[in-house]
Amino acid sequence: MKHICAITLFVAAAALDGKASGFLSPSASPLTAKSTRLFAKERGSGYGPPLENISEAVGNTPMVKISNRLCPEGRTIYAKCEYFNPLSSVKDRLALAIIEDAEASGELKPGQTVIEATSGNTGIAVAMMCAQRGYPCVITMAEPFSVERRKLMRMLGAKVIVTPKAGKGTGMVEKAKELADKHGWFLCHQFETESNWKFHEKTTGPEILNDLAGTKLDYWVTGYGTGGTFHGAGKYIKANSPDTTIVLAEPGAANLIGSGIKTERNDDGSPASSHPAFAAHPIQGWTPDFIPLVLEKGLDQTLQDEMVEIPDGAGVSMSQSLARNEGILTGISGGATMWAAVETAKKAPAGSVIVAMLPDTGERYLSTPLFASIDADMNEDELEIARSTPSFILEPAA
């Protein structure tokens, strides 16, 4: 596959001629530095040769330093911003891997319908790949997930089959398999396929260590949906940076791994039933009501060194803090991962470097608790500003 490298961002000091003169040390503060550049490539120099298609834009996402507004003093946190992928989530990697591997093996035939069960991001990414490659696309998605995700998939040409809330994640998975079997469609099997984690081993893990070349990585923090990022990138990081501590996070309300109870499986590795430790939680895209096979195989290798449970509300609060303090707009899962990274930094030795995965964009959560406190209409402070000059004042309706 032809793949053009995306621009990689670091925080670098600006020289008088406008070119980067070097990188800030982990202890340097972007709030106190006289002048900083937020790019490693000269603006205006271009991205590179034009891409053949949108799939070539997948991967090579930037890492961005978190300021001392959120990062504990004497530590460094970088956010791996997966929303720089073309459809704004880490699942673009997964969809590309599944489709290309299935094409290469002959399992996916020209014109065949592609189907997958998803909380949204995988479905959006699969719909993108199907639109680009010319495959019909059907997505099954459980009722509670945000409506904007349904609309995005339909915008990309997919048909979205919404399954009842009571069926949870296992219900949408069972529906996808049922439809695939009946109609002869290609089922992506995101929760079971080795294409998932192997792509992260080949891309995500190397990107992190390559972008940190010359700098140690003390902690890598991630959550899990399918477990592909944890398994694949974690495997690469363990092999090439064995002193790195891998921190795996999951919702406190749904501590499936922490329960020690395994998921019962069908012959194809899919879940046979809902996990008894599962409870509803607000971190969409994380922790379905079963332990995915991809995740379980990573856990079997003991890639994780530490487990962190995310308390209720922490993901939403940290997502909002990232937006207001860093200008980083990520979803609830990104906020939850960053919360775990900050908590890790608080107890880490001085000088520690931590990388946290931000799986997607906050724009995917407009109808969720992440934006529940954000009003569409002007509040009193905004009205006061509007009324401070005489023209064009939009007064609220009586």
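Let me begin by describing the structure that accompanies this report. Along each chain, numbering runs from 1 in the same order as the chain's sequence is written. The model is predicted, so local features are restricted to residues of pLDDT at least 70 and side-chain atom pairs to those at 80 or more, both for listing and for counting; the totals for chains, interfaces and linings are taken over all residues. Excluded from the side-chain calculations are hydrogens and water; all other atoms, namely the structure's heavy atoms, are used.

It is worth spelling out helix 4 (residues 168-183) at this point. Two residues of an α-helix separated by three or four positions point the same way, owing to the 3.6 residues in each turn. Helix and strand assignments come from DSSP, with helices taken as H or I runs of at least 4 residues and strands as E runs of at least 2, each series counted from the N terminus. Here the expected length of a helix is defined as 1.5 Å per residue gap, with one fewer gap than residues. In this model, helix 4 (16 residues) spans 23 Å end to end at C-alpha, consistent with the 22 Å of a helix rising 1.5 Å per residue. Looking at the buried side of helix 4, the elements it contacts are strand 6 (114-117), strand 7 (137-142), strand 8 (159-163) and strand 9 (186-187). Downstream of helix 4 by one or two residues, Gly-184 has phi in the positive range, about 75 degrees. We call two residues in contact whenever any of their non-hydrogen atoms come within 4.5 Å of each other.

Now for the pairing of strand 11 (residues 245-251). Think of it in three bands: residues with accessible area under 20% of the maximum for their type are buried, residues over 50% are exposed, and the middle band is partly exposed, with areas taken using a 1.4 Å probe on protein chains only. With seven of seven residues buried, strand 11 lies mostly within the body of the structure. Of the two faces of strand 11, the one carrying Thr-245, Val-247, Ala-249 and Pro-251 and the one carrying Ile-246, Leu-248 and Glu-250 are both buried. Seen with its strands pointing away from the viewer, a crossover is right-handed if its path from the first strand over the helix to the second goes clockwise. One crossover worth recording links strand 10 (residues 219-222) to the parallel strand 11 by way of helix 7 (residues 228-240), and it is right-handed. Pairing between strands requires that DSSP locate at least two bridges from one strand to the other. With five bridges connecting them, strand 11 and strand 12 (residues 306-310) associate as parallel partners. From the neighbouring strand, Glu-250 faces strand 12, where its bridge partner is Glu-309.

Pairing within the open sheet is mixed, and its six strands lie in the order 4-5-13-10-11-12. Strands at the two margins of the open sheet, each flanked by one partner only, are strand 4 (63-65) and strand 12. Pairs of neighbouring strands in the sheet enclose a mean axial angle of 25 degrees, with direction left out of account. Here an axis means a line fitted to C-alpha atoms, over the contact stretch when the element is a helix, while the angle between two N-to-C directions is reported on a 0 to 180 degree scale.

Read across the sheet, four strands follow the order 8-7-6-9 without closing on themselves; strand pairing throughout is parallel. Lying at the two open borders of the sheet, with one neighbouring strand each, are strand 8 and strand 9. Across four bridges, strand 6 lies against strand 7 in parallel orientation. If you follow Ala-117 over to strand 7, its bridge partner there is Thr-140. Helix 2 (residues 121-133) rests against strand 6 and strand 7 of the sheet, and its axis sits at about 175 degrees to strand 7.

Our focus in this paragraph is the environment of Lys-346. Note that Lys-346 resides in helix 11 (residues 332-347). The exposure class of Lys-346 is exposed, given its relative accessible area of 53%. Placed 275 residues apart in sequence, Lys-346 and Cys-71 show a C-alpha to C-alpha distance of 8.6 Å.

Side-chain atoms within 4.5 Å are what join buried Ala, Val, Leu, Ile, Met, Phe, Trp, Tyr and Cys residues into a set we call a nonpolar core. Residues Leu-108, Val-114, Ile-115, Val-126, Cys-137, Met-153 and Phe-186 are the most contacted members of the largest nonpolar core, which totals 41 residues. Within the residue set of this core, elements represented by two or more residues are helix 1 (91-105), strand 6, helix 2, strand 7, helix 4 and strand 9. Cys-137 has contacts with Val-114, Val-126, Ala-127, Cys-130, Gly-157, Ala-158 and Lys-159, leaving out every residue within four places of it along the chain. Judged by nonpolar contacts, the second largest core, of 33 residues, contains Ala-314, Ile-328, Ala-341 and Val-342.

So, on to the packing of helix 6 (residues 204-211) against helix 7. The relative placement of two packed helices comes down to the angle between their axes together with the axis-to-axis distance. As a packed pair, helix 6 and helix 7 sit with axes 7 Å apart at the nearest point and diverge in direction by 45 degrees. In this view, helix 6 runs oblique relative to helix 7, as classed from their interaxial angle. Of the residues in helix 7, those touching helix 6 at Thr-204, Gly-205, Pro-206, Ile-208 and Leu-209 are Ala-233, Tyr-236, Ile-237 and Asn-240. Ten residue types, Ala, Val, Leu, Ile, Met, Phe, Trp, Tyr, Cys and Pro, are classed as nonpolar, four, Asp, Glu, Lys and Arg, as charged, and the remainder, Gly among them, as polar. Counted by class, the contact of helix 6 with helix 7 contains six nonpolar, three polar and no charged residues. Any angle from 65 to 115 degrees is called roughly perpendicular, while one under 35 is roughly parallel, one over 145 is roughly antiparallel, and all others are oblique.

This part is about the pairing of strand 6. Every second residue of strand 6 is oriented toward a common face, with Val-114 and Glu-116 on one face and Ile-115 and Ala-117 on the other, all of them buried. After leaving strand 6, the chain enters helix 2 and then returns to the sheet as strand 7, a path that is right-handed. Two strands pair when backbone bridges link them, and strand 6 and strand 9 are joined in this way by two bridges, in the parallel orientation. In the sheet register, Ile-115 faces strand 9, and the bridge partner there is Leu-187.

Centres within 6.5 Å make a pair out of two Phe, Tyr or Trp rings, where for Trp the six-membered ring is used; the pair is then stacked when the planes are under 30 degrees apart, edge-to-face when over 60, and tilted otherwise. Evaluation of the coordinates by the stated rule reveals two aromatic pairs. Summarising the aromatic geometry, the rings of Phe-191 and Phe-290 are spaced 5.0 Å apart at their centres and angled 80 degrees between planes, so their arrangement reads as edge-to-face. Of this pair, Phe-191 sits in the loop between strand 9 and helix 5 (194-202) while Phe-290 is found in the loop between helix 8 (256-259) and helix 9 (293-300), placing the two residues 99 residues apart along the sequence. An identical accessibility class is assigned to Phe-191 and Phe-290; each is buried. Throughout this description, the term charge over a ring refers to an Arg CZ or Lys NZ atom that lies within 6 Å of the ring centre and within 35 degrees of the ring normal. Geometry around Tyr-365 places Arg-149 over its ring, the cationic atom sitting 4.8 Å from the centre.

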